[in-house]
Amino acid sequence: MTPGQDEPLVFPSPMRSFLVFAQSAEARVDIDSWTAHAERFFATRIGLAASAPPSWTFVIAPDGQPSDIRVAYARLRENDDLALADAADSAGTGLARLARRCPTVWLVSRVAPDDGVALRLATILASVLLGPILDARVPELLGVKSARSRLERSYNVRS
């Protein structure tokens with residue numbers, strides 16, 4: 001369903017999603033390239049079930065596991081996103097500085113607070129969009145390597 005022109009689009013809050021910072025100024029999906037990347041580095045196939053920018057519905061199919069669906073929304077980065085990133089980067093990893101170079105963000109909706117499928121999609125997006133992942137619930141700012149470790153540790157996932 002596409003909102004009417006008089007209906008504002010409501011994005012999920014960072015508390016109900018993984019927020020992926022993106023270095024690209026354009027919110028575009030190159031599904032063939034992203035799928036090849038996901039297969040090569042994450043043993044996962046991704047596809048598009050629906051595309052109605054600024055939202056995309058992805059099918060995520062990790063090798064040896066059932067497929068599932070998650071929705072991701074793209075929007076311009078806001079000052080509040082940077083404030084959350086700064087607060088989450090209390091260890092000074094430099095990921096908050098990387099977030100500042102990202103003009104857009106992708107919000108990957110969670111269906112549960114501990115959603116491994118959403119984290120997997122967020123990790124794939126972070127890998128192709130070259131930005132960190134914010135888990136505002138913790139709060140924690142993750143690079144691709146730390147997100148992969150969290151996936152393997154928390155969800156017993158083969159990458």
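The following refers to the structure shown.

### Here we look at the pairing of strand β2 (residues 44-52)
Then, number 1: Taken together, the 8 bridges between β2 and strand β3 (residues 55-62) define a ladder with antiparallel strand orientation. Paired with G47 across the strands is V59, a residue of β3.

### Examining the side chain of H37
Then, number 1: By the secondary structure assignment, H37 is in helix α1 (residues 31-42).
Then, number 2: With residues up to four places along the chain from it excluded, the contact list for H37 reads F42, S127 and V128.

### Details of the packing of α1 against helix α4 (residues 116-129)
When two helices pack together, their arrangement is given by the angle between the helix axes and by the axis-to-axis distance.
Then, number 1: Close contact between α1 and α4 brings their axes to 10 Å; oriented N to C, the two are set at 110 degrees. As far as their axial angle goes, α4 and α1 are roughly perpendicular. When the axes of α1 and α4 are compared, the crossing they make is right-handed. Along the contact surface, α1 presents W34, H37, A38 and F42, while α4 presents R120, T123, I124, L125, S127, V128 and L129.
Then, number 2: Considered class by class, the residues forming the contact of α1 with α4 number 7 nonpolar, 3 polar and 1 charged.

### Some words on the pairing of strand β1 (residues 17-22)
Then, number 1: Among the 6 residues in β1, 6 count as buried, and that is most of the element.
Then, number 2: Burial along β1 is two-sided: S17, L19 and F21 and F18, V20 and A22, pointing in opposite directions, are all buried.
Then, number 3: Where β1 lies against strand β5 (residues 104-109), 6 bridges are found, and the strand directions are antiparallel. When the bridges of β5 are listed, A22 appears paired with T104.
Then, number 4: Relative to strand β6 (residues 133-135), β1 runs antiparallel, the two being bridged by 2 bridges. Bridge pairing links L19 to L134 in β6.

### Here we look at unusual backbone geometry
Then, number 1: For the bond from P53 to P54, the omega torsion is 20 degrees, close enough to zero to count as cis.
Then, number 2: You will see that A43, though not glycine, has its phi angle at about 50 degrees, which is positive.
Then, number 3: A43 sits in the buried class, given a relative accessible area of 10%.
Then, number 4: Even without being a glycine, L130 presents a positive backbone phi close to 60 degrees.
Then, number 5: One can find L130 in the loop between α4 and β6.
Then, number 6: Judged by relative accessible area, which is 52%, L130 ranks as exposed.

### As for the packing of aromatic side chains
Then, number 1: Across all of its chains, the model carries 4 aromatic pairs by this definition.
Then, number 2: Relative to Y73, the ring of F11 lies with its centre 6.2 Å away and its plane at 85 degrees, an arrangement referred to as edge-to-face. One end of the pair, F11, is in the segment before β1; the other, Y73, is in strand β4 (residues 68-76), and 62 residues separate them in sequence.
Then, number 3: A relative accessible area of 26% places F11 in the partly exposed class.
Then, number 4: Classification of Y73 by relative accessible area gives buried; the value is 17%.
Then, number 5: Pairing W56 with W106 gives two aromatic rings, centres 4.8 Å apart and planes at 35 degrees, and the pair type is tilted.

Cut-offs used in this document
Residues numbered from 1 in each chain as written. Predicted model: local features only at pLDDT ≥ 70, side-chain atom pairs only at ≥ 80, totals over all residues. Heavy atoms only, no water. Pairing = 2+ DSSP bridges. Helix = DSSP H or I, 4+ residues; strand = E, 2+ residues; numbered from the N terminus. Contact = heavy atoms within 4.5 Å. Axes fitted to C-alpha atoms, helices over the stretch in contact; angles between N-to-C directions. Parallel < 35°, antiparallel > 145°, perpendicular 65-115°, else oblique. Left-handed = near helix turned anticlockwise from the far one by under 90°. Nonpolar A, V, L, I, M, F, W, Y, C, P; charged D, E, K, R; others polar. Buried < 20%, exposed > 50% of the residue type's maximum accessible area, 1.4 Å probe, protein only. Phe/Tyr/Trp six-rings, centres within 6.5 Å; stacked < 30°, edge-to-face > 60°.

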